Amino acid sequence: MSTLVAVRQGRQGYLLSAPALALYVCLLVIPLLLTLVLSFNVFDYSSGINGDAYTVDHYSSLLGDPYFYEIFLRTFWISALTTLLCVVIGVPEAYILSRMGAPWRSIFLILILTPLLISVVVRAFGWSLLLGADGLVNQTLQAFGGSPMKLLYTPFAVVIALVHVMLPFMIIPVWTSLQKLDPAAEQAAMSLGASHFTVMRQVVLPQIMPGVLSGTLIVFGLAASSFAIPGLLGGRRIKMVATLIYDQYLSELNWPMGAAIAVALLLLNLLIMLSWNRMIEGRYKKSLG
Amino acid sequence: MSKNGPFALLFHTLVVVFMLAPLVVVCLVAFTPENTLSLPTTEFSLRWFRAVFERADFVDAFYNSLILAFCAASLATLIAVPAALAITRFEFPGRDFFNGLFLSPIIIPHLVLGVALLRLFALMGVNGSFAWLIFAHVLVITPYVLRLVLASAIGLDRSAEHAAQSLGAGRFTLFRQITLPMILPGVAGGWLLAFINSFDEVTLSIFVTSPATQTLPVRMYVYATESIDPMMAAVSALVIALTALTMILLDRVYGLDRVLVGKQ
């Protein structure tokens, strides 16, 4: 490519990206930087935010305060359990879907994945109907002679609803890697006398591992920052990081503290995503030799 | 002809029931004639749907969401199409960085974007303004349009464009007559996907809306934290119906399976 063409191409490229770039700088880069600065600002309940004084107090109380520690720990185990359940349910389901015949495969794929496009508030409300004190689950329990259980506003309700919301994010990447699988490999292993279990473990699983890992990280990241589900199904007592940030901003009005927690959440999320990219690149290089 | 055993099919049935149960229950409860959250047993009633339309706050929130989603999806498309063309057909320094930046709102928690925009809007003194709410939504839905337009612009046969160019077509004619028709499924699909995502968005909106600009999901969220009654089920059923309608359109213009799991 001649220099002249390169320059012209460059100019056109920048020109066409300019509106998007302006939007992202004004509404993404600048607000995130402002929030980072805000998280170091001094806050006082009587006088509010002091934009001229700086402190690291918010971060040290984030690390030291047992109240925050408890919420971060709860967020971690709820997200980890959600992720585990999504793997246990999503991976076999994606495999079953991929082995289905022609019309059923796309029908069920769409049925299982489209709840993704329905408002999370609606889905959370659906679960509160099912899990409520006289909801369908408790009615069924009573019909079979069991005693009603308190399900709503417990970590159980949050985990169930999170699995419901996150399952598509596990099925999609696993499905994508299953599509790349060569059925001949499975047949070859079978014809050589491998059992079904051996084929799964030695042929299928190693090849869909990238999809499973990708789904794991997406689900964990989304679950750890989920807001509407713990807000509606966890009640006031089962707080997670996102509902904690909401409280700091809109009830405590302690924006700098909320900003510090938000920055911590964002950094943890980006760390997960970047380590994933690094891992993929490493694998890619290895497979190229 | 299924290769799945009976155990696999049982497992599959349970997963499908699990995925659909909350939505089906919401739609059924919406038709209850009772005052409590119960499944209609003897008759179906529309009283709770009537109740929704008598609530001015819900009706206003619905119109807010509709206008917001329409404007935001259109603006996002106007921004994403040129950016996608720039990324797919021009070599320029920083191209990969632009691509990553433009897709990044997908991996940044909406909650973090919400508090960051709240800070910006508060400093600018525009918090609660409808115009800025539109821009906030444009930011989070642009990646969805961009992804679909990128997918349809990559690997496009350029020979028709070259032919038109050599016959003296201007840049705008070239885009309108040749390029746009070829990427149209991606553009229309991207618009619809953006529309759905904007219409559903709650986490970011809750921080940057005022009572006057409250969107339907925010109104529903606030209402559901205070009380639960069958009216909420009726609103939810309406939202499900509207989403289903948009999904059918999306399936027609782009293919729902392609949106959800990429090319088949």
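Each value, and the rule that gives it
- Within every chain, residues take consecutive numbers counted from 1 along the sequence as written.
- Think of it this way: whatever chain is written first is A, whatever ligand is written first is 1, and the rest follow in order.
- At least 70 in pLDDT is required for a residue's local features to be given in this predicted model, at least 80 for side-chain atom pairs to be given and counted, and no such filter applies to totals for whole chains, interfaces and linings, which use all residues.
- What counts as a helix is a DSSP run of H or I of at least four residues, what counts as a strand is a run of E of at least two, and both are numbered from the N terminus.
- Just to be clear, the radius of gyration here is over C-alpha atoms, and the globule rule we use is 2.2 Å times residues to the power 0.38.
- Each residue is classed by its C-beta neighbour count within 10 Å, where at least 20 other C-beta atoms makes it buried, 12 or fewer makes it exposed, and intermediate counts make it partly exposed; the C-beta atoms are placed from backbone geometry.
- Any pair of residues counts as being in contact when their C-beta atoms, constructed from backbone geometry, are within 7 Å of one another.
- Put simply, Ala, Val, Leu, Ile, Met, Phe, Trp, Tyr, Cys and Pro go in the nonpolar bin, Asp, Glu, Lys and Arg in the charged bin, and everything else, Gly too, in the polar bin.
- UniProt positions are given in the numbering used here, feature names are shortened, and annotations may be inferred rather than shown by experiment.
- Domain borders in the structure are assigned automatically or taken from a domain database.
- Residues enter a nonpolar core if they are buried, belong to Ala, Val, Leu, Ile, Met, Phe, Trp, Tyr or Cys, and are joined to the set through C-beta atoms within 7 Å.
- Between any two strands, pairing holds if DSSP finds at least two bridges.
- Helix axes are fitted only over the stretch in contact, all axes being lines through C-alpha atoms; the angle between N-to-C directions runs from 0 to 180 degrees.
- To sort the angles, those under 35 degrees are grouped as roughly parallel, those over 145 as roughly antiparallel, those from 65 to 115 as roughly perpendicular, and the leftovers as oblique.
- Each crossing gets its handedness from the near helix: less than a right angle anticlockwise from the far helix is left-handed, clockwise is right-handed.
- In this scheme, a helix's expected span is set at 1.5 Å multiplied by one less than its residue total.
- The predictor attaches a confidence to each residue, called pLDDT, with possible values from 0 through 100.

Colleague: Can you help me understand the overall build of chain A in this one?
Modeller: Regarding its fold elements, chain A presents 12 helices and two strands. Overall, chain A shows an N-to-C arrangement of helices and strands of α-β-β-α-α-α-α-α-α-α-α-α-α-α. Taken against the 2.2 N^0.38 rule, which gives 19 Å for 289 residues, the C-alpha radius of gyration of chain A at 24 Å runs more than 25% over that of a compact globule. Along the first, second and third principal axes, the C-alpha atoms of chain A reach 80 × 75 × 35 Å. Taking all 289 residues of chain A together, the buried fraction comes to 40%. Contacts in chain A between residues far apart in sequence, at least 24 positions, make up 70% of those at least 6 positions apart.

Colleague: Quick question: what am I supposed to make of the overall build of chain B here?
Modeller: Along chain B, the regular secondary structure elements total 12 helices and zero strands. In sequence order, the secondary structure elements of chain B are arranged as α-α-α-α-α-α-α-α-α-α-α-α. Evaluated residue by residue, chain B yields a buried proportion of 45% over its 264 residues. Of all intrachain contacts in chain B linking residues separated by at least 6 positions in sequence, the fraction that spans at least 24 positions is 76%.

Colleague: It is not clear to me how the interface of chain B and chain A should be interpreted in this structure. Could you clarify?
Modeller: Note on interface size: it is often stated as the accessible area lost on association of the parts. Every contact between the two is made by 73 residues of chain B and, on the other side, 72 residues of chain A. Of all the elements, helix α1 (residues 6–29) of chain B adds the most residues to the side of chain B that touches chain A, at 14 residues. Classifying every residue of the side of chain B that touches chain A by side-chain character gives 58 nonpolar, nine polar and six charged.

Colleague: Help me understand the UniProt feature "transmembrane region" (unreviewed entry) in chain A in this model?
Modeller: Residue and element names in this part refer to chain A. This chain's UniProt record puts "transmembrane region" (unreviewed entry) on residues 21–43, 71–95, 107–131, 151–172, 211–233 and 253–276. With 100% helix and 0% strand, the stretch residues 71–95 has end C-alpha atoms that lie 36 Å from each other. As annotated, residues 211–233 has a helix share of 87% and a strand share of 0%, and its two end C-alpha atoms lie 30 Å apart.

Colleague: So what exactly am I meant to see when it comes to the domain arrangement of chain A here?
Modeller: According to the domain assignment, chain A consists of domain 1 (1–38) and domain 2 (58–288). Just the C-alpha atoms count here: the centres of domain 1 of chain A and domain 2 of chain A sit 34 Å apart.

Colleague: Please clarify how the nonpolar core should be interpreted in this entry.
Modeller: As a rule of thumb, soluble globular proteins bury nonpolar side chains together. Among the nonpolar cores identified, the biggest contains 162 residues, and Met166 of chain A together with Val26 and Leu117 of chain B are the most heavily contacted of them. Top element by residues in this core is helix α3 (residues 56–89) of chain B. It accounts for 17 residues.

Colleague: Looking at this model, I keep getting lost on the UniProt feature "domain: ABC transmembrane type-1" (unreviewed entry) in chain A. Mind explaining?
Modeller: As recorded in UniProt, the feature "domain: ABC transmembrane type-1" (unreviewed entry) lies at residues 72–276 of chain A. In the segment residues 72–276 of chain A, helix accounts for 78% and strand for 0%; the C-alpha atoms at its two ends are 22 Å apart.

Colleague: Which parts of the structure should I look at to understand the UniProt feature "domain: ABC transmembrane type-1" (unreviewed entry) in chain B?
Modeller: In this structure's numbering, the residues bearing the UniProt feature "domain: ABC transmembrane type-1" (unreviewed entry) are residues 62–251 of chain B. Taken end to end, residues 62–251 of chain B comprises 79% helix and 0% strand; its first and last C-alpha atoms sit 24 Å apart.

Colleague: Would you mind showing me how to read the pairing of strand β2 (residues 48–54) of chain A here?
Modeller: The two faces of the sheet receive side chains in turn, since in a regular strand these alternate between them. Residues and elements named next belong to chain A. Bridge count for strand β1 (residues 41–44) against β2 is four bridges, and the pairing is antiparallel. From the neighbouring strand, Asn41 faces β2, where its bridge partner is Tyr54. Between β1 and β2, which follow one another and run antiparallel, lie three residues.

Colleague: What's the story with the packing of helix α4 (residues 102–113) of chain A against α1 of chain B in this structure? I'm lost.
Modeller: Relative orientation and spacing of two packed helices are given, respectively, by the angle between their axes and the distance between those axes. It is the contact of α4 of chain A with α1 of chain B, at a shortest axis distance of 9 Å, that shows an interaxial angle of 40°. Classed by the angle they form, the pair α4 of chain A and α1 of chain B counts as oblique. Here α4 of chain A runs over α1 of chain B; the crossing is left-handed. Taking contact as the criterion, the partners of Phe108, Leu111 and Ile112 of chain A in α4 of chain A are, on α1 of chain B, Val15, Val16, Met19 and Leu20 of chain B. Grouping the amino acids of the contact of α4 of chain A with α1 of chain B by side-chain chemistry returns seven nonpolar, no polar and no charged.

Colleague: Is there a simple way to think about the environment of Phe121 of chain B in this case?
Modeller: All names here are of chain B. Its location among the elements puts Phe121 in helix α5 (residues 110–124). Expressed as a C-alpha distance, the spacing of Phe121 and Val208, which sit 87 residues apart in the sequence, is 7.9 Å. Beyond its immediate sequence surroundings of up to four residues, Phe121 is in contact with Val126, Asn127, Trp132 and Val208.

Colleague: How should I be thinking about helix α5 (residues 120–131) of chain A in this particular structure?
Modeller: Side chains that are three or four residues apart share a direction in an α-helix, a result of its 3.6 residues per turn. Residue and element names in this part refer to chain A. End to end, α5 covers 16 Å across 12 residues, agreeing with the expected 16 Å (1.5 Å per residue, within 8%). Counting buried residues along α5, 12 of its 12 residues qualify, which places the element largely inside the surrounding structure. Taken as a whole, α5 has its buried residues at Val120, Val121, Val122, Arg123, Ala124, Phe125, Gly126, Trp127, Ser128, Leu129, Leu130 and Leu131.

Colleague: How should unusual backbone geometry be read in this particular structure?
Modeller: If a residue is not glycine, its phi is most likely negative; likewise, a peptide bond is most likely trans. Residue and element names in this part refer to chain A. Residue Tyr153 is not a glycine yet carries a positive backbone phi of 60°. By secondary structure assignment, the location of Tyr153 is in the loop between α6 (136–143) and α7 (155–179). Residue Tyr153 is classed as partly exposed on the basis of its 19 C-beta neighbours within 10 Å. With a phi close to 60°, Leu253 is a non-glycine residue in the positive phi region.

Colleague: Would you take a moment to explain the confidence of the model for chain B for this structure?
Modeller: In low-pLDDT segments, the atomic positions of the prediction should not be examined closely. On average, residues of chain B carry a pLDDT of 90, and 98% of them reach 70 or more. Reported confidences for the modelled complex are a pTM of 0.90 and an ipTM of 0.89.

Colleague: Which parts of the structure should I look at to understand the packing of helix α2 (residues 47–54) of chain B against helix α11 (residues 230–253) of chain B?
Modeller: Residue and element names in this part refer to chain B. Closest axis-to-axis distance for the α2/α11 pair is 8 Å, and the angle between their directions is 85°. Comparing the axis directions of α2 and α11 gives the class roughly perpendicular. Contacts from Trp48, Phe49, Ala51 and Val52 of α2 reach α11 at Pro230, Met231, Ala233, Ala234, Val235 and Leu238. In the contact of α2 with α11, the residues fall into 10 nonpolar, no polar and no charged.

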